[in-house]
Structures are given as C-alpha cells and as structure tokens.
Amino acid sequence: MTSIFSKIIAGDIPSYKIYEDEKIYAFLDIHPIQLGHVLVVPKEEIGDILDMSDDSLSELMLIAKNIIAPAIKKATNCERVGFSVEGLGVKDHMHLHLIPLFQLGDLNPEKAHTETSENMKMIQDKIVSSLT
C-alpha cells in the first residue's frame, strides 16, 4: 500500500517542499512543533531505519546534516536543530524530523500545532533560499 509520504512525493498531496533529489524529499511538517519543522523522507518506502542500506542511511543523514539543517538554522535563527528518527507515525515510511530549537523543551511533540498557510509559505521560502 502506498504511504502518505509517497503520495506527497508523487504530488498527489500538496506539500511545502524544501528539497528534492533522486532519492530524498524534504518538506515542512503540517503540524510543526516549531515553525520550520521539516520532514526528511527517503523516496523508497522503508518502514524501519534498520532496514535501510548503509549507503541510503548515510545519504539521508548527510543531506539532513549538511544541507537542510543549516538552512533551517539560518532561516529561523534558532540555537540548534534537533533531529528525531521516526517510522511509527507513518506506516512503512521512516523519516527524520528536523526541528528548530530555541530553548530547552522545544523538542516536545505536545507542542505540535497548525500554522497558517501564510506562515508555512513564508518559512518555506526562507529555508529554500537558505539552502547551500
């Protein structure tokens, strides 16, 4: 069965795309813990990080670390970017959460909320323009 992330990657469901290459797709979380919260997803549907090849995992982490996280940091002026590995919330499609952190406690999932489309578009534009 096709995951919701595969539908987003295919363009069947709209997203605030941040980054895309042949193997990875990154987009804003629509229920961010902090504005600028980005999901980094392998295009291949893999449910468990332990099932990823070392090369695929390395590529995913390096894109997140060297390209997306610095752009989030620059766009949001956060102190650091928190990384969280997921795979349970979206069945059969592991993903990374990159969350701007401004203070202790910012990585609290209970802070997830809905943002306005204006705020989402604004932060999307800021992060994309900050990509290196």
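Look a little higher up for the structure.
Overview of the structure. (Residues numbered from 1 in each chain as written. Predicted model: local features only at pLDDT ≥ 70, side-chain atom pairs only at ≥ 80, totals over all residues. Heavy atoms only, no water.)

Here we look at the side chain of glutamine 34
At step 1: Position of glutamine 34 among the secondary structure elements: in the loop between β2 (24-28) and β3 (38-42).
At step 2: A residue is classified by how much of its surface remains accessible, and glutamine 34, at 16% relative accessible area, is buried.
At step 3: A distance of 3.2 Å separates the side chain of glutamine 34 from the side chain of aspartate 106, its partner in a polar contact.
At step 4: Beyond its immediate sequence surroundings of up to four residues, glutamine 34 is in contact with Ile99, Pro100, Phe102, Asp106, Lys111 and His113. (Helix = DSSP H or I, 4+ residues; strand = E, 2+ residues; numbered from the N terminus. Buried < 20%, exposed > 50% of the residue type's maximum accessible area, 1.4 Å probe, protein only. Polar contact = N/O pair within 3.5 Å; in protein donor to acceptor, adjacent residues only side chain to side chain. Contact = heavy atoms within 4.5 Å.)

As for the layout of surface pockets
Over the atoms, a rolling probe the size of a water molecule traces out where space has been left empty.
At step 1: The computed volume of the largest pocket comes to approximately 430 Å³.
At step 2: Around the largest pocket, the lining comprises 23 residues; the ones closest to its centre are Asp29, His31, Leu39, His95 and His97.
At step 3: Contributions of two or more residues to the lining of the largest pocket are made by α1 (4-10), β2, β4 (80-86) and β5 (95-101).
At step 4: Looking at the lining of the largest pocket, its residues break down into 15 nonpolar, six polar and two charged. (1 Å grid on protein atoms, 1.4 Å probe; cavity = no way out; pocket = protein on both sides within 12 Å on 5 of 7 lines; lining within 4 Å. Points joined across faces, edges and corners; volume = space filled by probe spheres on them. Nonpolar A, V, L, I, M, F, W, Y, C, P; charged D, E, K, R; others polar.)

Remarks on the environment of methionine 120
At step 1: Along the chain, methionine 120 turns up in helix α3 (residues 117-130).
At step 2: With 91 residues separating them in the primary sequence, methionine 120 and aspartate 29 have C-alpha atoms 9.2 Å apart.
At step 3: Setting aside its immediate chain neighbours within four residues, methionine 120 contacts Tyr16, Leu28, Asp29, Ile30, Leu35 and Glu115.

Focus on the packing of aromatic side chains
At step 1: Under the criterion given, the structure shown has two aromatic pairs.
At step 2: Ring centres of phenylalanine 5 and phenylalanine 27 lie 5.6 Å apart, and the angle between their planes is 70°; this geometry places the pair in the edge-to-face category. Here phenylalanine 27 lies in strand β2 and phenylalanine 5 lies in helix α1, a separation of 22 residues in the sequence. There is no split in this pair, since phenylalanine 5 and phenylalanine 27 are both buried.
At step 3: With 5.7 Å between their ring centres and 50° between their planes, tyrosine 25 and phenylalanine 27 make a pair best called tilted.
At step 4: When its relative accessible area of 6% is taken as the criterion, tyrosine 25 is described as buried.
At step 5: Feature note: the residues Phe5, Tyr25 and Phe27 constitute an aromatic cluster, connected by ring pairs. (Phe/Tyr/Trp six-rings, centres within 6.5 Å; stacked < 30°, edge-to-face > 60°.)

It is worth stressing that arrangement in space is one thing and function is another; only the former is reported here.
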